[in-house]
Amino acid sequence: MSTGASLAAAHGHGGALTCLSMQSDGSIAFTGATNGTVLAWTIRDLGSGVIPTGHNAAVTSVSVSPKGYVATSSLDGSAIIWRISDGSILHRLQCDEPLVGCAIQMKSDTLITVGSHKPHIEWDIATGTRRRTVPRTTEVVLRCASDPFHGLLVLGTMTGLTVIESDGRSWNIDLHADSGGEADLQSRALMETLQSPTLTLGMKQELIKRLQERSEMVMTSVSANCIDVQPGGRLIAAGDVTGRVTLIDRLTRSIVRVISTPASHPRLAVTSVALAPNLRNLAVGYDNGMVVVYSLESDERVQWNELGGVYGCSFSGDSQLLAVGTEGKYLAVWKWREKVEVYHLPVRHTVRACAFSADEAVLVCADTAGNVWIVEMIGLKNMSPLQKVRTLPT
């Protein structure tokens, strides 16, 4: 194929991929891994640079600011603010618990660090000092998602979501008010153990890993298996292991729609969700390989099947293309409305994350082993029928 050729592939992490984030202009992608490393991938010259390790445990999130710095968090309890231009450390921030994520609030130059169970902390990015510590309930936080351009941070807890607004105010959505049972009690027992002041940092890290593993297995005790925040911050999508996707409107602070698993597949788990930039569509990937793009304005949907679970979804900026990463060890790019696959890239391991650049010219994907591919997207939308990889029956 003359378009969509893979431009670069690398094998630099030496640890399983944990997160991927891209600079707003699409010039640099950042990936974190279980061994504490962070890599910066420059799109223009198709190269990679190793940011000094800094962390002694798994990197849990990477948050990028258009002002020229990036923040990373780790299970070792540290958050580091780096200068993108040379990889130097601006500030090293130490918390007294493992961190499950961090988020930059661009308007206020604030970094929020989120631990497993203690109050989250707001840091002044310029000085590296604490602005304030914000108390919360005893709910354990398992994962988070953010919209750095609008300052929204969403935390996935054991029973729902906690949303932190750009002004620091927070509110909760209970997604499983009726959950219970033995499995839920076991998870809550782990949560209570995590509160013990006698636990070492290593013991806390192990407990968090057990809670995260349980969140992927237990059907009723967790809130969100995956979270996405719509560009602009209006809608939040949360998919769970029962196959349900819940849409929350942050302006009204209410659940506006619940999408259940298709009746023909009652025992599925949601493994990825992506809200389209056009504000009209939602892509959902399931653990059996099914992909469904739902309309947010009607009951219409487009559906097809991939090989293996779908663990990454990403829309292009104009919402015309959908990239999906699969357990079947490949990346696929679809003109989803026509159900036409326009690009197919075999990789070595399960694809865990993918993201388009802002100008839609490049797609970055990464697999569980830390391999990263940079793929040129120019021309894919205008491919002739002979160039199309796969067309599904309508």
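Please read these numbers as outputs of a predicted model, since none were measured by experiment. For every chain, the first residue of the written sequence is number 1, and numbering continues from 1 onward in sequence order. The predicted nature of this model means local features are confined to residues of pLDDT at least 70 and side-chain atom pairs, given and counted, to a pLDDT of 80 or more, with totals for whole chains, interfaces and linings taken over all residues. Side-chain numbers come from the whole structure's heavy atoms, not from hydrogens or water.

Colleague: Please clarify how the overall build of the protein chain should be interpreted in this entry.
Modeller: Elements are defined by DSSP. Helices are runs of H or I of four residues or more, strands are runs of E of two residues or more, and each kind is numbered from the N terminus. Across its full length, the protein chain carries 2 helices and 33 strands. Classification of residues uses two cut-offs on accessible area relative to the type maximum, computed with a 1.4 Å probe and protein chains only: under 20% is buried, over 50% is exposed, and between them is partly exposed. A burial count over the protein chain gives 58% of its 394 residues as buried. Accessibility throughout is a Shrake-Rupley quantity obtained with a 1.4 Å probe, and a residue counts as covered only by protein chains that appear here. Summed over its atoms, the accessible surface of the protein chain is roughly 15,900 Å², and 50% of this surface lies on carbon and sulfur atoms.

Colleague: When you look at the environment of Val273 in this model, what are you seeing that I'm missing?
Modeller: Residue placement: Val273 occurs in strand 22 (residues 270-275). Look at Val273 and you get buried, because its relative accessible area is 8%. C-alpha of Val273 to C-alpha of Cys226: the two residues are 47 residues apart in sequence and 6.6 Å apart in space. In this description, contact between two residues means that some pair of their heavy atoms is separated by no more than 4.5 Å. With near-sequence residues (within four places) excluded, Val273 lies in contact with Cys226, Ile227, Asp228, Ala237, Gly239, Val245, Leu282, Ala283 and Val284.

Colleague: When you look at the confidence of the model for the protein chain in this model, what are you seeing that I'm missing?
Modeller: Caution applies to low-pLDDT parts of the model: their predicted coordinates are not meant to be read in detail. pLDDT gives the predictor's per-residue confidence on a scale running from 0 to 100. Looking at the protein chain, the pLDDT average stands at 79 and 77% of residues meet or exceed 70. When pLDDT is averaged over each helix and strand of the protein chain, the minimum, 46, is found for strand 33 (residues 390-391) and the maximum, 96, for strand 24 (residues 290-295). Note on residues 1-6: pLDDT under 50 across the span, and 23 contacts to partners over four residues away in sequence or across chains. Throughout residues 216-222 the model reports pLDDT below 50, and contacts reaching past four residues in sequence, or to other chains, amount to 19 contacts.

Colleague: Quick question: what am I supposed to make of the nonpolar core here?
Modeller: The tendency in soluble globular proteins is for nonpolar side chains to be buried side by side. With 17 residues, the main nonpolar core has Leu331, Val333, Leu345, Leu363 and Val375 as its most contacted residues. Put simply, the parts of the chain that give this core at least two residues each are strand 27 (321-326), strand 28 (330-335), strand 29 (340-346), strand 30 (351-356), strand 31 (362-367) and strand 32 (372-376). Considering every element that reaches this core, the biggest residue donor is strand 29, with 4 residues. Apart from residues lying up to four places away in sequence, Leu331 is in contact with Ala323, Val324, Gly325, Tyr343, His344, Leu345, Val351, Cys354, Leu363, Cys365 and Val375. For this analysis, a nonpolar core means a set of buried residues of the types Ala, Val, Leu, Ile, Met, Phe, Trp, Tyr and Cys, connected via side-chain atoms within 4.5 Å.

Colleague: What should I look at first to understand unusual backbone geometry in this one?
Modeller: Both trends apply: most residues other than glycine have a negative phi, and most peptide bonds are in trans. A positive phi is found at Ser319, a non-glycine position, where the angle reads about 70°. In this structure, Ser319 sits in the loop between strand 26 (310-315) and strand 27. With relative accessibility at 1%, the residue Ser319 sits in the buried group. Phi at Lys339 is positive, roughly 55°, even though this residue is not glycine.

Colleague: Mind showing me how you'd approach the pattern of salt bridges here?
Modeller: Two side chains that carry opposite charge are able to pair once their charged atoms sit near each other. We count a salt bridge whenever a side-chain nitrogen from Lys or Arg sits within 4 Å of a carboxyl oxygen from Asp or Glu. Within this structure, the stated rule accounts for 6 salt bridges. Of the charged contacts, one joins Arg234 and Asp249 as a salt bridge, the two residues approaching to 2.6 Å between their closest N and O atoms. Separated by 15 residues along the polypeptide, Arg234 in the loop between strand 18 (226-229) and strand 19 (235-239) and Asp249 in strand 20 (residues 245-249) bring together distant segments of the chain. The buried category is assigned to Asp249, whose relative accessible area is 7%. Across the salt bridge formed by Arg280 and Glu297, the nearest N and O atoms sit 3.8 Å from each other. Residue Arg280 is located in the loop between strand 22 and strand 23 (281-286), and its partner Glu297 is located in the loop between strand 24 and strand 25 (301-305); the two are separated by 17 residues in the primary sequence.

Colleague: What's the story with the environment of Tyr294 in this structure? I'm lost.
Modeller: Relative to the helices and strands, Tyr294 is located in strand 24. Separated by 12 residues in sequence, Tyr294 and Leu282 have C-alpha atoms that sit 5.1 Å apart. For Tyr294, the contacting residues outside a window of four places in its chain are Ile259, Ser260, Pro262, Arg280, Asn281, Leu282, Val284, Tyr286, Glu300 and Arg301. Looking at Tyr294, its side chain comes within polar contact range of the side chain of Tyr286, at 3.0 Å. Polar contacts here mean pairs of N or O atoms no more than 3.5 Å apart (in protein, one a potential hydrogen donor and the other a potential acceptor; neighbouring residues in sequence count only if both atoms are side-chain atoms).

Colleague: Could you clarify how one ought to interpret the sheet that holds strand 14 (residues 141-147) in this entry?
Modeller: Sheet strands pair via backbone hydrogen bonds, and the direction of the pair is either parallel or antiparallel. Paired strands, as defined in this entry, are two strands with at least two bridges between them according to DSSP. Spatially, 14-15-16-17 is the arrangement adopted by the 4 strands of the open sheet, whose pairing is antiparallel. Of all the strands in the sheet, just strand 14 and strand 17 (170-174) have a single pairing partner and so form its edges. Between one strand axis and the next, the sheet turns by 20° as a mean value, whatever way the strands run. Here the axes come from fitting lines to C-alpha atoms, over the contacting stretch only for helices, and the angles between their N-to-C directions go from 0 to 180 degrees.

Colleague: Looking at this model, I keep getting lost on the sheet that holds strand 12 (residues 120-124). Mind explaining?
Modeller: Pairing is antiparallel in the open sheet, where 4 strands are placed in the order 10-11-12-13. Of all strands in the sheet, those bounded by a partner on one side alone are strand 10 (99-105) and strand 13 (130-134). Adjacent strand axes in the sheet meet at a mean angle of 20°, parallel and antiparallel pairs treated alike.

Colleague: Could you clarify how one ought to interpret the packing of aromatic side chains in this entry?
Modeller: Between the rings of Phe, Tyr and Trp (Trp by its six-membered ring), a pair exists once the centres lie within 6.5 Å; its type follows the angle of the planes, with under 30 degrees stacked, over 60 edge-to-face, and the other angles tilted. Here the structure, examined in full by the defined rule, presents 2 aromatic pairs. Plain terms: the ring middles of Phe315 and Trp336 are 6.3 Å apart, the flat faces sit at 80° to each other, and that makes the pair edge-to-face. Linking Phe315 in strand 26 with Trp336 in the loop between strand 28 and strand 29, this pair joins segments that are 21 residues apart in sequence. In terms of burial, Phe315 and Trp336 fall into one category: buried.

Colleague: Would you take a moment to explain the state of the cysteines for this structure?
Modeller: The term disulfide refers to a covalent linkage connecting the sulfur atoms of a pair of cysteines. Our working definition of a disulfide is a cysteine sulfur pair at a distance within 2.5 Å. One pass over the structure, following the stated rule, counts 0 disulfides. Cysteine Cys95 is unpaired, with the sulfur of Cys102 as its nearest cysteine sulfur at 9.8 Å. On the accessibility criterion, Cys95 (10% relative accessible area) is buried. Just so you know, Cys226 is unpaired, no disulfide at all, and the nearest cysteine sulfur is the one on Cys313, 8.7 Å from it.

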